[in-house]
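Structural overview
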Amino acid sequence: MVILIGGVSCTGKTLMAQKLLEKYKIPYLSIDHIKMGLIRGNKYCDFSATDGDNELTYKLWPIVKGIIMTNIENGQHIIIEGCYLPPEHIKDFEPEYLEQIIPFYIGFSKEYVEKHFDSGIVEHRSEIEQRECDDFYMNKENFIKFHWEIKERCKKNGAKFFEINDDYAGEMNNVYKWMDEQVEAKRWS
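Model, not experiment: these values are computed from the prediction.

Each value, and the rule that gives it
- Residues numbered from 1 in each chain as written.
- Predicted model: local features only at pLDDT ≥ 70, side-chain atom pairs only at ≥ 80, totals over all residues.
- Heavy atoms only, no water.
- Pairing = 2+ DSSP bridges.
- Helix = DSSP H or I, 4+ residues; strand = E, 2+ residues; numbered from the N terminus.
- Axes fitted to C-alpha atoms, helices over the stretch in contact; angles between N-to-C directions.
- Contact = heavy atoms within 4.5 Å.
- Buried < 20%, exposed > 50% of the residue type's maximum accessible area, 1.4 Å probe, protein only.
- Parallel < 35°, antiparallel > 145°, perpendicular 65-115°, else oblique.
- Left-handed = near helix turned anticlockwise from the far one by under 90°.
- Nonpolar A, V, L, I, M, F, W, Y, C, P; charged D, E, K, R; others polar.

**Digging into the sheet that holds strand 3 (residues 78-82)**
Strand order across the open sheet formed by five strands is 2-3-1-4-5, with parallel pairing between neighbours. Two strands lie at the open edges of the sheet, namely strand 2 (28-30) and strand 5 (161-164), each paired on one side alone. With direction set aside, neighbouring strand axes in the sheet form an average angle of 20 degrees. Pairing analysis gives five bridges linking strand 1 (residues 2-7) to strand 3, with the strands arranged parallel. Note that in strand 3 the partner of Ile 5 across the bridge is Glu 81. Against the sheet, helix 8 (residues 168-187) touches strand 1, strand 4 (101-108) and strand 5, its axis set at about 175 degrees to strand 4.

As structure tokens, this is what we get:
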């Protein structure tokens, strides 16, 4: 079983992966760590941390897809989280792989971003990892745009999308309940 948690930065993907690791005893992998490992460890790496999300997704997705396939083929469970999980490519897996994958995305509504940007989003961006704040990327207008874009991509591609509208903790509890149902179904299939 492979659990894929996608969405825009600072939505709680890493925190959720950590909680799922603790609950299900399934390791997780951050795509950001793969990205930085390639950048820092490979002198032939043809991208950098400052490249745009679309370019990074294009470069990282084949590697992530290979990791997903290898885990399924080896009968190993893993949680993979990150921004570079394109909803339009998840359905490209063969059916025997898809039946072992639980993909979903987390995002914020425009209203949530407008109401909670400083006190909820920016303030909690380092719950698990210590992160610097990129003021160009981390601004209210960009966040509204990025969340709308991922929501539309999920809709267009039939990907499960959870939109946080008001109460982060309460609405994330619904995501955890859904996850429990999905994991239970995969364990007995």
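We are not done yet, so read on.
**Concerning the side chain of His 147**
As for its position among the elements, His 147 is in helix 7 (residues 140-157). Residue His 147 is classed as buried on the basis of its relative accessible area of 1%. With residues near it in sequence (within four places) discarded, His 147 still touches Val 8, Thr 11, Gly 107, Phe 108, Val 113 and Phe 161.

**Let's talk about the packing of helix 2 (residues 31-41) against helix 3 (residues 53-73)**
Two elements in contact, helix 2 and helix 3, have axes separated by 11 Å at closest approach and are oriented at 110 degrees. Taken as axis vectors, helix 2 and helix 3 run roughly perpendicular relative to one another. In this structure, helix 2 crosses over helix 3, and the sense of that crossing is right-handed. Two secondary-structure elements touch here, helix 2 through Ile 31, Ile 34, Lys 35 and Leu 38 and helix 3 through Leu 56, Leu 60, Ile 63, Val 64 and Ile 67. Partitioned by chemical class, the residues of the contact of helix 2 with helix 3 number eight nonpolar, no polar and one charged.

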